[in-house]
Every structure is written in structure tokens, then in C-alpha cells.
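If you want the building blocks of each chain, they are given just below.
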Amino acid sequence: MSNVKQFTDKLEKLNYENMYNGDFFLTWEKTDDEIQAVYEVADALRHLRENNVSTKIFDSGLGISLFRDNSTRTRFSFASACNLLGLEVQDLDEGKSQIAHGETVRETANMISFMADVIGIRDDMYIGKGNTYMHNVVDAVTQGHDDGVLEQKPTLVNLQCDIDHPTQILADSLHVIHELGGIENLKGKKLAMTWAYSPSYGKPLSVPQGAIGLFTRLGMDVTLAYPEGYEVMDEVVEVARKNAEKAGSKFEITNDMKEAFKDADVVYPKSWAPFKAMEERTDLYGKGDMDGIKALEKRLLAQNAEHKDWECTEEMMSLTKEGKALYLHCLPADITDVSCEHGEVAASVFDRYRDPLYKEASFKPYIIAAMIFLAKVKDPVAKLKELEENAKKRQNVD
Amino acid sequence: MSNVKQFTDKLEKLNYENMYNGDFFLTWEKTDDEIQAVYEVADALRHLRENNVSTKIFDSGLGISLFRDNSTRTRFSFASACNLLGLEVQDLDEGKSQIAHGETVRETANMISFMADVIGIRDDMYIGKGNTYMHNVVDAVTQGHDDGVLEQKPTLVNLQCDIDHPTQILADSLHVIHELGGIENLKGKKLAMTWAYSPSYGKPLSVPQGAIGLFTRLGMDVTLAYPEGYEVMDEVVEVARKNAEKAGSKFEITNDMKEAFKDADVVYPKSWAPFKAMEERTDLYGKGDMDGIKALEKRLLAQNAEHKDWECTEEMMSLTKEGKALYLHCLPADITDVSCEHGEVAASVFDRYRDPLYKEASFKPYIIAAMIFLAKVKDPVAKLKELEENAKKRQNVD
Amino acid sequence: MSNVKQFTDKLEKLNYENMYNGDFFLTWEKTDDEIQAVYEVADALRHLRENNVSTKIFDSGLGISLFRDNSTRTRFSFASACNLLGLEVQDLDEGKSQIAHGETVRETANMISFMADVIGIRDDMYIGKGNTYMHNVVDAVTQGHDDGVLEQKPTLVNLQCDIDHPTQILADSLHVIHELGGIENLKGKKLAMTWAYSPSYGKPLSVPQGAIGLFTRLGMDVTLAYPEGYEVMDEVVEVARKNAEKAGSKFEITNDMKEAFKDADVVYPKSWAPFKAMEERTDLYGKGDMDGIKALEKRLLAQNAEHKDWECTEEMMSLTKEGKALYLHCLPADITDVSCEHGEVAASVFDRYRDPLYKEASFKPYIIAAMIFLAKVKDPVAKLKELEENAKKRQNVD
């Protein structure tokens, strides 16, 4: 029996009115209430779908996706979220478009948005570029709407930028909340966000940055661990420090994986490239210096190879709280002896956590749908109740 | 408050019954009443959407798109139009299909149309090919429907061919109608359709041809201007002449851009390739003569470069009526110092007209939707009123 | 006037309850009743659509497609079927995904399925791989559903594997049923499934295998004919033999095309590659032996060229029952003097059967929709009646 009241009761106590007609760039640009509103709406939408209640609030409308990097799960999560709310996904494939002809961001943004209610963008490869690009798009469509060009301002959903990966980290954290039995239970728990060895290089920084930027404010004691030289963005470290201070939690950085794993309740071991190297790479691409890029790549792989011991092994897991820390990963993981010779995680550890990992991923469609819902619906509490009362079937199969 | 009567009142006075179950190839194959019906239905659909009234007349059904050339705005316009009416877009990507195996047009057309209500095609690159291909497709599905293979005959929407670009020019002209305050105000106004310099070559002729083929019959005095050697298709020039004669308007050709701009109310400066060169190119592609194509390309770029003075500068704009002519472009434009060193238009001119240009583009989804609506709906006046009365919400967010 | 009772009356007498929540891999894994249920539901859905009755049983939900080989008609058939039932197609383009990063089938299958109701897969190129892959996907999502990762288990539709092509052969056979005036009329009729010459090589075996695996159980006397060396899979020959035995029909293999065509009521001449060669090719790809593949290709083309007389000519057709056998093909066909110099069929034969061939293809969307319907709807008889009674319009255009 569906009863959405369990979520709307909490939602009613939160102040999230600024999300209406807003966009979602970085989690730390949102208030604690706003973050919690995303969780509650995500849970409510999931609850309704599980009870076969349609949540289609759009009768027509487009959800535009723009992926400047490969994607499976985020692509399907975005498509699922749009579909759940009644929007049809239209992918902007830059290869098939005329954008190469020298069209400006401002122009493209308007041209694709005449009937767009949402724009989802992944642009995570170049430092200083992705988030900036998203802001340019939002500025363009905001002005387009103000000027009467667009009937509606599409809401932006950051599907991963150079700074943060909010849909991922919000899904990760909602998973932790469910596993620990409520957001209030995160307080004082230890989370280890650690680097891990991977035979590939140049993995984005948005996950570790997103993690330290969000889990600190949820009251968790966050330890960021990486080998010397794998520093993340200074600004985000600063965000994490301030969050911890405000939340009364700890934020520590160490170059010792074991120290991070020690007594951790949650571990998130994952490879990334050093921020400085990513900056250098961005510059080299900017200059079109392909020889420079090759040299950098070689250097980074050699640097990675010095840290093959940064692996989430059984031994490492045994250091955690009762040896039973919750293992997180954004997937796909580099699994030793499965997808590569040496990787981020031992096969036995990964296998043991397969179910929780898949559940972790299952929250992303709902997180994205919640972001859209909160940006589009004037009174989310009333609308969720209305959807439950109307009880239109999601699938009319019984 | 929505009141669609302002549009249906006009629609009731028009004779457009032949559009039912029809197709849209070239504007000059339609009567004046039929053209005006497209404008009225486009405005009505826009009015309903702006008032949050759903115009989904299809509960299921496919809109097939086939783009044989890159496209952003037409692709998204077609997707928006289909979505607005309840059709799901399915793209025929010839690279992923089996068409290369030697399948005939007739066969492909039927195979993709079992549940297709609309087929939109862009095929503008080769002289004598695009429009012919569209007719072949329509002949095939018409026969398929007659023979009981297809339950419905999908309607064809020409999304740009070698002869005309009807969805573009109808959007352009509806924009002019709105800017001038009504179709009756176009009479006697001067429109300059002029060539402009671009560092690229081989741009389609469908826009200038479409413009002289349509604006002449709307009662405008149309001047077509280009450097010697950049002639367009003779047949379309003939169409323009006859239109002007019938409408009591003027149609002139000049090799002087300034003469065209002089006292113009509307200017449309845009690059295109000479018709003769496009014919030659089509032949060379037919023969697979890649060296010939390279030589032609070189020759055309050199020829273009002799006419860098054909630019829509501030000085040029000052020649127009009170220096305030409405500037049109199908976008993307080659903007001097922005997208190239020398282009079709000065940055300051383009910037000043950015809002109107984007509004011009915003009509295309509605023009396409109107074409579909008129081909599919038996009694458009009654249906528009019914949609307004039912007042199903487009977005159920309040 | 719609009356779906003609189909539900037959459906009521059939036992197909095991199809609920099931998947569709191979026709011979289904009972006779289950096969007939697919025909009845396909006919019923078509009947409803022809009478403008909506059959959207899903208000939201995704239909995932994965094509590991080019496809036009199957791609559009799957899209049409999903759309007809209310599902939005989301294509898993492996090139744009992260699957290359070493992700497992199990993981991908779950990651794309959070809101998937259907997964359609074409994977026909490698012996021992396609069907196995589909089973891996189904095992993964079944476990995902059992473990609480997935809210629903998507149903798998085999859109062609290395063994069978069930949506094709069920469409082919439903066409035969319609042409012969009822399933009971197939008994004792002769069908010739014969190899035919094609200038290309490596065509899949799934059609001939699917044909002998299905038509034998429908009571037809099936003759499989091919030049020596073009044997199909032993296991499927065994299936055909047993089917014939059980149905009291004949199943014969010959190396003489004329013998097969002699007095045939239905002929299905089509090229395929020898099973042994396809196995060899699979091994060579497995080893990455590109030289070996080139040598094999050359050998196969030379072998094909020895059998140019295996063509469905007028003379060959004249051997059939009253010279009027029904000609089948899955399309596209290699037509002599049309798509190639020498092909599978003479142009005059193909032309005479063009309409029936297109009708044959037109059943595929409904076959796919029926497979989904039977896997998802608890009481198909009641639901079909309910849809008819509600009589929601497919297109609201009158």
C-alpha cells in the first residue's frame, strides 16, 4: 500500500523554495535543506513507482542530453528520469550537428531549447571547462527566456563536470543513508575516500571531489587518502574543510591508505588523475600539443605504477570497522584479475559487495528525477500527494 | 487566458482541404490559402502550448527522421514538433542500417513506415537528387498504403532539399509577419535576399531559392542580389517572377549588394554556392572523381574570396529603410571576427539582431507541427477548439 | 467495428501462462500453445490498431535495444512495438558506452535496467556467442530482480542470435497463416527452405535454422536444400526432425534446389554461410587472426561462386505447386540485375511478390509487441477486451 506521506511529512519541514526554476551545478551551492529535499523527493518518486503509480507530470516536452564523454549508467539514468516524468530524451550528438561550423554556445543552447524542459550535460574531461560550459548554457537559456525567445527555461542537471559529480554522489550518499538506516545515523561515522591504483590514467576528479564536498556536511568524518602527488582541487578541499567545521565533523588528508581504512564505516577506493596533471593535460589539448600529451600519458602511467599497493584488498577491508565497512564505487571498477591484472579492488571484495554496489547505482535515476521535479514543480508536497491519490498506473498490466 | 478562436476564425475562411493526407515538398506547390493555413495552425499550436494546453493528438506513433546532412536546429525542431503532437522520433541512421546492402528506396520506405505517421527528410547536397528522393519515398509509401502493406500513409515533411527549404522559409516568413504586425503589412515592403561572403564553400541553395519562391507571393518586393556567377536555379527564378506578377509585387535580380539593401525593410544576406558549380559537383560525386571535386573546391574558394566585400556591415545596414531593416538568417551565420576572419555579417550587426534571430528560429518547430497537423487532422478548426476546451495540461506542475 | 473477441476466444483455449514474466530466446523452447498465443495476440494488437484503439499499457518505461549488427527493419520493428505499448526506446550504443572499460555483462545488464521493461538484442555474428550472451543478460537481470536491485525484471526479446531469428520466423509464418487462410491450412503443405547464391558471404544462419525449427511443427512438410558444404547447425536439424515426427509432417534435406521447389506451396530461397565456416570465422576473430579471416572470406566467396545456379528464377518457380508458390524472404534480398549481377532471386519473381513480401515484414512489429504483451500482462484476454472497451483513440484526428 502506497503512502507517500512518510516523505512529504519530512519535505514539509524543509526550506527548498529556491530550487524552483533553478539548476543543479554543485552540491555545495545547495543548502542542507535543499540536499535533503532531493533525497526525500527521490525516495518518494521511487516509492510511487514501486507501487505502480505514474509520476508523469509532463504530457510532452524534451529532455536534452549532451555527453562529451562516454557514459552508460549516467546516460541511462538520465533517460530513465526523463521518461519517468514524461519527457522524451533527445540527444545532442555534436558529431551530427552543425556546431563545428563555429556556432556559439549561446546560440546552440537556445536552438535546442524551444521545447526543452531539461538539459543534462556531462563535460568532465578538461579542468576549468566543464562547469564553465554548463554555466554558459544556463546563462544563455536564462537570457533566452527573459528575452521571450524561449517559452520556458530548461533546468540544467550537471551529469558530471570537472569539479563535481552531483548525481553520482547524491546517489552514493542516499545509498549510504538507506544502508545506515537514516540520514541521522551518518553523524560520526567514518568515510574513507581513497585513491586506488588503475592501469588507466586520466580518470576524472569529480567523484573524489564530490565525495569530500558532500559527505563532510552530512556529519561524517571524512578521510581523503592518496599517494603524494595525487592532490585534488584546492578549492574543493577548502569546501570540505569548511563543511566539516560547520557540521562538527572531521576532514583529514593522509598519504596512507591504511590509515584511511582504519575503523572506517564506509570506504570509497577509486582511481583518479592528479589535479595538476589534468590541468597540464587541458593546456596541452588547448595548444594541440599531441606529443606533449603522449609524454604526459606515459609519465602518468609510470607514476600510477608506483602505487599498485593502493588496492582495496581483503586485508585492507579487514582494517575497517569490524571488517565490514560499506564499500562504494561509481562503477565500472577496475577489478584485479577480472578486468585487469592489477586494479582498484580485489575480485573477492568486489563480488561480496556486488549487490550493494548495484543498489547504489539504482538511486541515480531517482536523484536526477528529483532534481528535475524540484526545479519544475511549484508545490512538490502537494504534487506528490496528488500523484498518489490519482493513482494512475505506471504499467496497466494486472 | 487561452482563446484559440483568434486563429480558427481566420482558418475557417481558408480553403486547405487538399492538405489532408498530403505532403509538403515545395511552398510553390501550395496555394496561398494553404500557406496561410500553416501560419494560422502554427500560431494556434504555439498559443496553446504557451497556455499550457496539451496538443497531443497521437497516443502512439512514430516520426521518422532521415538526415543526409548535419543538422542541429532542424533536427531539434522536428523532434520538438513530433513530441508536441505525441509522436516518438525514430532516426534512420543510414550508417547503422542495411541500406548499403543494395536495398531500394521503395523497400526502405515501406520497411520503416509500418507505424510511422510522419517522415522528415533532409537531403540537400546534390542537385536533382534530394527532392527526387523525397518523391520516391512518398510514391513508395502511397503505393504501400494503397496495397494494404501500410495501415497509414505517413506524411512527408521536406526538411530541406536541393530546391527549397520550406520549414525554414515558412518560419522566416512567420517571423516577418509577427515583426511587421500581420501578413497584410508585408505588401509593398522590400526584401533583399543577397549573397554574402563565407570562407566555406558549397552551402546549399535551398534558402535563397526558398526565399524568392515564397516572399514574392506574400506581396513583398523581392530583390535577389549576388556577384556574377552565383546564379540560382532557373526554374525557381521563373517561379519568383510569376509569383510577383500574380501578387502585383516586384522581383528583381542585381549584382549589386548595395542596390538590394537600399531602402529594404528586410534583409537576408547569406552565402551559397553557384548552382552551376553544385551541378558540376553532383556530377563529380556521381563519377567518384575525387580529384575533380578537390579542384572544384579550390576554384570555388578562390571565387568566393573575390567577393569579401559582400558582407552585411553596419554601413550596408545604414542603407536600409531608416537603417533599421529586419535582419534574417537561417543560422548558423559566419560572423566576422567571431566564427571567422571575414564572414557574412559584422559582429555588431549580428549582436543587435540576436534576439530577433533566435525568435525567427523558434517558429520552426511550430511550422513543422502545423504541416503534420494539417496532413493528419480531418477538421483542424474543430480539433484546435477541442484541445482548448479539454485543456489537458502540457505540464502538470502547478 | 472493432471486435477483439475473434482473437480472445482462441486465446482462451490456449495454455500460455508460463510466458508471463518470461523471455523469448528460441521458438522450439516454447510450446505449440505458446507459439499460437503469440500469433493471436499479434493479430489482436494489429486489429485494435487498425481500428484506432490505443494499446498503450505502459504509462512510462524503457525498451532497451542492443544491436551488434546493422539493422533497419528489426530496429524499426522493435521501436514500433515498444511505442505501440507505451515504452520509449533507448538504444545501448556500445561505442558510446563505457563497456569497453572492462565492464562485465552482468553489470551492464543491471545498469541499463533500472527502468527497463524490455531488452531487445541482436547478436548473430558469432557461433556460440549470441544466444549465450542473451542468456547471460537474462540471468543477470533475473538475479538483479531477485536481489532487490531491479524493481522489475525486463523481458528479453531475441532480435536474432546465432541459432534462431524468432521475431522474423514468427512474422514469416504468421504471413503464411494469413495467406493460406488459417493455421489449420498449413498441415501437409510443402515449404522449401533453400540456399541461394549471393555475391556476399557470411550471412547468418538464423533464418534457415529458425525456419526449419518452426515450420516443421506447424505441420508443414519442410525440405531444406543447399549445395554440399552449406550445412546448418546439427542441433537445429535434430530439432526439425523431432518436430516433424511429433507433428506427423516430413522433414527432408537435399542438395538439389529443384527437388525442393518441386510442388512446393511456399519457398524461402536465401543465402547463408556454411555453419562450419562460421565456426571457423568465430575462432579466427577470437584469435584476432585477420589474415586468416581474409583467406576464409576469399575461400567462401569462391565456394559461393560455384553455385550461381542456386537462384530463384522464373523457371525454378514454375516447378512449384501450380507455379504459384508463396515466395518468402526476410529482406533485403540480393536481386539479380538490381542489387547485383547474380543474386538470390530474379527481378521478375521478386517484383511479382513485392506486395506479399512487404506484408510479410509488416507482421514483425506486432510479433514483438505480442511477445512483450504476453510476458508483461497477467491476463491477456481480459486486457485485450479492456483496451477495446475503453477505446482510447490511437490517433485523435477525426
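What comes next is a walk through the structure. Because the structure is predicted, anything quoted here is derived from the model rather than measured.

## A short note on the interface of chain C and chain B
Contact with chain C, which involves 42 residues of that partner, is made by 39 residues of chain B. On the chain C side of the interface with chain B, the three residues burying the most area are Phe-76, Tyr-358 and Arg-394 of chain C, jointly 18% of the side's total. The interface formed by chain C and chain B holds five salt bridges in total. Notably, a salt bridge pairs Glu-151 of chain B with Arg-46 of chain C, separated by 3.2 Å at the nearest N-O pair. Where chain C packs against chain B, one counts 20 residue pairs in polar contact (both at pLDDT 80 or more).

## Comments concerning empty space enclosed by the protein
All chains considered together, the criterion is met by 16 cavities of 30 Å³ or more. When its volume is computed, the largest cavity comes out at roughly 320 Å³. Residue composition of the lining of the largest cavity, by class: three nonpolar, nine polar and nine charged.

## Concerning the relation of the copies chain C and chain B
The transformation that overlays chain C on chain B combines an axial shift of 0.0 Å with a rotation of 120°, and the residual RMSD is 0.0 Å. Expressed as an axis order, the relation between the two copies is that of a three-fold axis. The C-alpha atom lying nearest the rotation axis in chain C is that of Glu-88 of chain C; the distance is 4.6 Å. Both copies present different contact surfaces, since only 5% of the interface residues of chain C are interface residues in chain B too.

## Points about the pairing of strand β5 (residues 190–195) of chain C
Residues and elements named next belong to chain C. Burial of β5 is extensive: six of the six residues sit out of reach of the surface. Of the two faces of β5, the one holding Lys-190, Ala-192 and Thr-194 and the one holding Leu-191, Met-193 and Trp-195 are both buried throughout. A crossover links β5 with its parallel partner strand β6 (residues 221–225), the connecting element being helix α7 (residues 206–215), and its sense is right-handed. Judged from the five bridges that link them, β5 and strand β8 (residues 266–270) form a sheet pairing that is parallel. Looking at β8, one finds that Leu-191 is bridged to Val-266.

## Comments concerning the sheet that holds strand β6 (residues 221–225) of chain B
Residue and element names in this part refer to chain B. A sheet is described by the order of its strands in space; here five strands give the open sequence β7-β6-β5-β8-β9, paired in parallel fashion. Edge positions in the sheet fall to β7 (251–254) and β9 (326–327), since each has one partner strand and no second. Relative to β9, strand β8 (residues 266–270) runs parallel, the two sharing two bridges. When the sheet's bridge partners are listed, Val-267 is paired in β9 with Tyr-327.

## Digging into the packing of aromatic side chains
Per the counting criterion, the structure on display carries 15 aromatic pairs over all chains. An angle of 50° between the planes, with centres 4.5 Å apart, marks the rings of Trp-195 of chain B and Tyr-230 of chain B as tilted. A residue pair is termed long-range when its members are at least 10 positions apart, and Trp-195 of chain B in strand β5 (residues 190–195) and Tyr-230 of chain B in the loop between β6 and α8 (234–247) qualify at 35 residues. Judged by its relative accessible area of 0%, Trp-195 of chain B is buried. A relative accessible area of 0% means that Tyr-230 of chain B is categorised as buried. Their ring planes at 75° and their centres at 6.3 Å tell us that Tyr-226 of chain C and Trp-272 of chain C sit as a pair that is edge-to-face.

## Focus: the environment of Val-377 of chain C
Considering the arrangement of structural elements, one finds Val-377 of chain C in the loop between α15 (364–376) and α16 (380–390). Along the backbone, Val-377 of chain C and Asn-185 of chain C are 192 residues apart, and their C-alpha atoms lie at a distance of 30 Å.

## Quick notes on the relation of the copies chain A and chain B
When chain A is fitted to chain B, the best match, at an RMSD of 0.0 Å, comes from turning it 120° and sliding it 0.0 Å along the axis. With a heterologous cut-off of 20% or less, the 5% of interface residues of chain A that recur at the interface of chain B puts this contact in the heterologous class.

## Quick look at the packing of helix α2 (residues 32–50) of chain C against α16 of chain C
Residues and elements named next belong to chain C. In contact at an axis separation of 11 Å, α2 and α16 are set at 5° when each is read in the N-to-C sense. Classified by the interaxial angle, the pair formed by α2 and α16 is roughly parallel. Residues Ala-44, Leu-45 and Leu-48 of α2 lie in contact with α16, whose contacting residues are Leu-384, Leu-387 and Glu-388. Across the contact of α2 with α16, the residue classes tally to five nonpolar, no polar and one charged.

## Section: the environment of Gly-213 of chain A
All names here are of chain A. For Gly-213, the position within the fold is in helix α7 (residues 206–215). Using a relative accessible area of 0% as the deciding quantity, one classes Gly-213 as buried. Sequence separation between Gly-213 and Asp-351 is 138 residues, and the spatial gap between their C-alpha atoms is 28 Å. Filtering out sequence-adjacent residues up to four positions away, Gly-213 remains in contact with Thr-27, Trp-28, Val-239 and Asn-243.

## Digging into the state of the cysteines
Counted according to the given criterion, the structure contains zero disulfides over all chains. As a non-bridged cysteine, Cys-82 of chain C has Cys-82 of chain A as the owner of its nearest cysteine sulfur, 18 Å distant. Taking relative accessible area as the criterion, Cys-82 of chain C reaches 0% and is therefore assigned buried.

## Observations regarding the sheet that holds strand β5 (residues 190–195) of chain A
Taken in spatial order, the five strands make up an open sheet running β7-β6-β5-β8-β9 (chain A), and their pairing is parallel. Each having just a single partner strand, β7 (251–254) and β9 (326–327) of chain A make up the two edges of the open sheet.

## Quick notes on the interface of chain A and chain B
Of the residues lining the interface, 40 residues belong to chain A; the matching set on chain B comes to 42 residues. Both sides of the chain A and chain B interface together cover about 3800 Å² of buried area, and 48% of this is carbon and sulfur. Inspection of the region where chain A meets chain B yields five salt bridges. Glu-151 of chain A is paired through a salt bridge with Arg-49 of chain B; the nearest N and O atoms lie 3.1 Å apart. In this assembly, chain A and chain B are joined by 20 residue pairs in polar contact (both at pLDDT 80 or more).

## Quick notes on the pattern of salt bridges
Within this structure, the stated rule accounts for 57 salt bridges over all chains. Among the ionic pairs, Asp-32 of chain C bridges to Arg-217 of chain C, the shortest N-O distance being 2.9 Å. Note that Asp-32 of chain C is positioned in helix α2 and Arg-217 of chain C in the loop between α7 and β6, a separation of 185 residues in sequence. One connected set of salt bridges, linked through shared partners, spans Arg-46, Arg-49 and Glu-50 of chain A together with Glu-151 of chain C.

## Here we look at α8 of chain B
Residues and elements named next belong to chain B. With 14 residues, α8 should cover 20 Å at 1.5 Å per step; its first-to-last C-alpha distance of 20 Å lies within 8% of that length. Listing the buried residues of α8 in full gives Val-236, Val-237, Val-239, Ala-240, Asn-243 and Ala-244. Axial view of α8: buried residues confined to an arc of 155°, hence all on one face. The exposed residues of α8 that point more than 90 degrees off its buried face are Asp-234, Glu-235, Lys-242, Glu-245 and Lys-246. As for α8, its buried residues are in contact with α7 (206–215) and β7. Looking one or two residues beyond α8, the residue adopting positive phi is Gly-248, at roughly 70°.

## Considerations on the pairing of β6 of chain B
Look at any regular strand and the pattern is simple: side chains alternate between the two faces of the sheet. Residue and element names in this part refer to chain B. Burial analysis of β6 places five of its five residues in the buried class, which makes it a mostly covered element. Judged by which residues are buried, β6 turns out to be covered on both faces: Asp-221, Thr-223 and Ala-225 on one side and Val-222 and Leu-224 on the other are all buried. In this structure, β5 lies alongside β6, joined through five bridges in parallel fashion. Counterpart to Lys-190 in the pairing with β6 is Asp-221. Bridging between β6 and β7 involves four bridges; their strand directions are parallel.

## Here we look at the side chain of Thr-320 of chain A
Residues and elements named next belong to chain A. The topology assignment puts Thr-320 in the loop between α12 (314–318) and β9. What makes Thr-320 buried here is its relative accessible area of 3%. Among the polar contacts listed, one links the side chain of Thr-320 to the backbone nitrogen of Ala-325, at a separation of 3.2 Å.

Definitions and limits used
- Residues numbered from 1 in each chain as written.
- Chains lettered and ligands numbered in written order.
- Predicted model: local features only at pLDDT ≥ 70, side-chain atom pairs only at ≥ 80, totals over all residues.
- Heavy atoms only, no water.
- Contact = heavy atoms within 4.5 Å.
- Buried area = accessible area lost by both parts, 1.4 Å probe.
- Salt bridge = Lys/Arg side-chain N within 4 Å of Asp/Glu carboxyl O.
- Polar contact = N/O pair within 3.5 Å; in protein donor to acceptor, adjacent residues only side chain to side chain.
- 1 Å grid on protein atoms, 1.4 Å probe; cavity = no way out; pocket = protein on both sides within 12 Å on 5 of 7 lines; lining within 4 Å.
- Points joined across faces, edges and corners; volume = space filled by probe spheres on them.
- Nonpolar A, V, L, I, M, F, W, Y, C, P; charged D, E, K, R; others polar.
- Least-squares fit on C-alpha atoms with pLDDT ≥ 70 in both.
- Buried < 20%, exposed > 50% of the residue type's maximum accessible area, 1.4 Å probe, protein only.
- Helix = DSSP H or I, 4+ residues; strand = E, 2+ residues; numbered from the N terminus.
- Right-handed = clockwise from strand over helix to strand, strands pointing away.
- Pairing = 2+ DSSP bridges.
- Phe/Tyr/Trp six-rings, centres within 6.5 Å; stacked < 30°, edge-to-face > 60°.
- Axes fitted to C-alpha atoms, helices over the stretch in contact; angles between N-to-C directions.
- Parallel < 35°, antiparallel > 145°, perpendicular 65-115°, else oblique.
- Disulfide = S-S within 2.5 Å.
- Expected span 1.5 Å × (residues − 1).
- Arc of directions from axis to C-beta.

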